[in-house]
Amino acid sequence: MVDEISALLSLINTSARSLERGYTDERGRVPSLDDTEPHPLDGQISSPEMREAVQVLEGACAQLCATLARPNHTVLNKFFMTALEPSCLRVALNCKIPDILQHKPAGMHVADIGKICGVDAPKLARILRLLSAKHCFQEVERDVFANTRLSVQLLSANPLYSLGLHMTEDTTQGATQLAETLADAEWGPSTDPAHSAFNKVTNQPLPMFDFWAQDPEMQSHGTRFGIGMLGWGTAVEAEAVVRAYPWHALPRGATVCDLGGGVGAMAIALARAHPHLRLKLQDLPARMAQARAVVWPAECPAALAEDRIEFKAIDFFAEAPIAGCDVYYLKNILHAFPAAECRTILKGVRQAMKPGSRVLIHEYTLQTAGRSALQQQLTHAPAPLLGNYGAGRIRQYHLDVSLMVLVNGGERTLEEYVQLAEEAGLRFVRVWEFGDMNGVELCAGEGEC
Ligand SMILES: C[S@@+](CC[C@H](N)C(=O)[O-])C[C@H]1O[C@@H](n2cnc3c(N)ncnc32)[C@H](O)[C@@H]1O
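Within an unreviewed UniProt entry, the label attached to the protein chain reads S-adenosyl-L-methionine-dependent methyltransferase, and the organism entered is Mycena rosella.

In structure tokens, the structure reads:
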């Protein structure tokens, strides 16, 4: 045990020093929690070294604390009581407290904050104090609160604010019915997206996205989810794929179909970084209209002017995507659907492929205990950390269960993706590690791949 503790301390030391060096290389200073101006690195995709160091640091700190603290203490602190945190955060978000505290480096008395947002000041102080204990806000003197490096991420202009509202409301409320949903004889084993904990709590029969689209009172939830997804993408550094996959090796004029690409967040990143590619964006008609008329003219006019982008509406359950593309890219699509629907989508892609086409599925690939031949291809944490980095990669499991709560969906393991692909006539080529999520590359299952 002493050896394990020394090894964990050594991992903490090495990873923390590595992060310190990563920051100081850029601007000569490690950011402080009190900083309310972003560090230049905050808006950039992390280097693989810094990303790895954060995962090791978080995993090792959590493992060390779980090892050395009394177990009943840890169960209370890390599992039971944390359930209150989303509710406290929701109060702060509803009140837009980060906005209220903006440009107030010396802080503001809670009596004044309470007056602006109409919440009882003594109660608000207790909520802000709890959040301050985790560095989201700081109590600079008694009852005077200021922003921190974390709370400025929740300014209402930041898409993370919308994500926070969605998670602290839709997800948190839905999660209260998870145990009841799993215990339900019909809903427990069901893969119907309308048999979710979210449906139990909202007591209505539509899958979440349809409910938001069809009920006028719920449309704001759909809108904030859409904005929130931009915040999610930035926080999880989804754009790492733009540099980490060898798009540059594709010949000039090679075609990439972003299937279910929404308004094109990823296609825009690709079009900007790799102007030699021709992009095809496919999604439901409303998204295509929004992409063509609003998003691309503002975000990527060069691709429009140079005719490097084509928009084509699709229902991927009813038809195949544009035929003959070099790469079919599917990000965060399959995790929302049961296996039968995924096979339909992938068979459509298979039908559209030409010899040499590739499919790139960009999702989390869940790491489980044990190391199958396929799982060997994923990076494993250094001992004595859990092989999956434990708390250092907790987001994949959080998202997996969020999907279960909201739409009865879920993330998959690499083995499950490979099986789905084979059932659709595709063959596994390799897995790419893009940091948070991974890319599962497939080819048409015949001839040379
Ligand atoms: C979670 S979003 C992912 C969007 C994008 N790939 C990304 O990662 O930002 C799922 C996308 O699938 C699209 N979608 C859902 N059902 C569809 C269908 N039947 N045909 C085409 N697109 C669909 C949605 O409109 C949405 O844009």
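S.K.: Residue-level account of the site of the ligand, with values.
M.R.: Near the ligand, the surroundings consist of 15 residues, among which Gly260, Gly262, Phe316, Lys331 and Asn332 are the closest. Residue composition of the shell around the ligand, by class: seven nonpolar, four polar and four charged.

S.K.: Quick rundown of the UniProt feature "domain: O-methyltransferase dimerisation" (unreviewed entry) in the protein chain? Include the residues and the values.
M.R.: Look at the UniProt record and you will see "domain: O-methyltransferase dimerisation" (unreviewed entry) annotated at residues 84-156. Secondary structure within residues 84-156 divides into 48% helix and 12% strand; the distance between the first and last C-alpha atoms comes to 22 Å.

S.K.: Which residues make up the nonpolar core, and what values go with them?
M.R.: Formed by 46 residues in total, the largest nonpolar core has its most connected members in Leu279 and Tyr328. Of the residues forming this core, the biggest block, five residues, is contributed by helix α14 (residues 265-273). Residues within four places of Leu279 in sequence aside, it is in contact with Val256, Asp258, Ala267, Leu270, Ala271, Ala303, Arg308 and Ile309. Of all hydrophobic cores here, the second largest spans 21 residues; its members include Ala125, Phe137, Leu154 and Leu163.

S.K.: Help me get a handle on the UniProt feature "domain: O-methyltransferase C-terminal" (unreviewed entry) in the protein chain, residues and values and all.
M.R.: Mapped onto the present numbering, the UniProt feature "domain: O-methyltransferase C-terminal" (unreviewed entry) falls at residues 234-426. With 38% helix and 15% strand, residues 234-426 has end C-alpha atoms that lie 31 Å from one another.

S.K.: How would you sum up the pairing of strand β8 (residues 358-363)? Please name residues and give values.
M.R.: In terms of residue burial, β8 counts as a mostly covered element, since five of its six residues are buried. Bridge analysis of strand β7 (residues 327-331) against β8 gives five bridges, and the strand direction is parallel. Of the residues in β8, the one forming a bridge with Leu330 is Ile361. The β-α-β motif built from β7, the intervening helix α17 (residues 339-352) and the parallel element β8 has right-handed crossover chirality. Bridge analysis of β8 against strand β12 (residues 438-444) gives six bridges, and the strand direction is antiparallel. Counterpart to Leu360 in the pairing with β12 is Glu441.

S.K.: Account for the sheet that holds β7, naming residues and giving values.
M.R.: Taken in spatial order, the seven strands of this open sheet run β6-β5-β4-β7-β8-β12-β11, and their pairing is mixed. Every other strand in the sheet has two partners, leaving β6 (309-311) and β11 (426-433) as the edge strands with one partner each. Averaged over all adjacent pairs, the angle separating strand axes in this sheet is 20°, with direction ignored. With seven bridges joining them, β11 and β12 adopt antiparallel strand pairing. When the bridges of β12 are listed, Arg430 appears paired with Glu441.

S.K.: How would you summarise unusual backbone geometry if you had to cite specific residues and measurements?
M.R.: Between Ala383 and Pro384 the backbone carries a cis peptide bond, its omega angle lying at 10°. In this fold, Pro384 is placed in the loop between β9 (365-366) and α18 (395-407). Phi is positive for Phe137, which is not a glycine, with a value near 85°. Following the sequence through the fold, Phe137 ends up in the loop between α7 (121-132) and β2 (138-141). On the basis of neighbour count, Phe137 is assigned to the buried category, with 25 C-beta atoms found within 10 Å. Even without being glycine, Asn408 reaches a positive phi, approximately 60°. Inspection of the secondary structure assignment puts Asn408 in the loop between α18 and β10 (412-413).

What counts and how
- Here the residue numbers are simple positions, counted from 1 along each chain's written sequence.
- With pLDDT at 70 or above as the cut-off, local features in this predicted model cover only qualifying residues; side-chain atom pairs require 80 or more to be listed or tallied, and sums for whole chains, interfaces and linings still use all residues.
- Defining nearness, a residue is near a molecule or strand when the C-beta atom obtained from its backbone falls within 6 Å of it.
- Any residue outside Ala, Val, Leu, Ile, Met, Phe, Trp, Tyr, Cys, Pro, Asp, Glu, Lys and Arg is labelled polar, Gly included; the first ten of those are nonpolar and the last four are charged.
- UniProt positions are given in the numbering used here, feature names are shortened, and annotations may be inferred rather than shown by experiment.
- Put simply, DSSP marks the helices as runs of H or I at least four residues long and the strands as runs of E at least two long, and each gets a number from the N terminus on.
- By definition, a nonpolar core groups buried Ala, Val, Leu, Ile, Met, Phe, Trp, Tyr and Cys residues that connect through C-beta atoms lying within 7 Å of each other.
- Here a residue counts as buried when 20 or more other C-beta atoms fall within 10 Å of its C-beta, as exposed when 12 or fewer do, and as partly exposed in between; the C-beta atoms come from the backbone.
- Contact definition: two residues whose C-beta atoms, as placed from backbone geometry, lie within 7 Å.
- Between any two strands, pairing holds if DSSP finds at least two bridges.
- By convention, a crossover is right-handed whenever its connection, traced from the first strand over the helix to the second and viewed with the strands pointing away, goes clockwise.
- To define axes, lines are fitted to C-alpha atoms, for helices over the stretch in contact only, and angles between the resulting N-to-C directions are given on a 0 to 180 degree scale.

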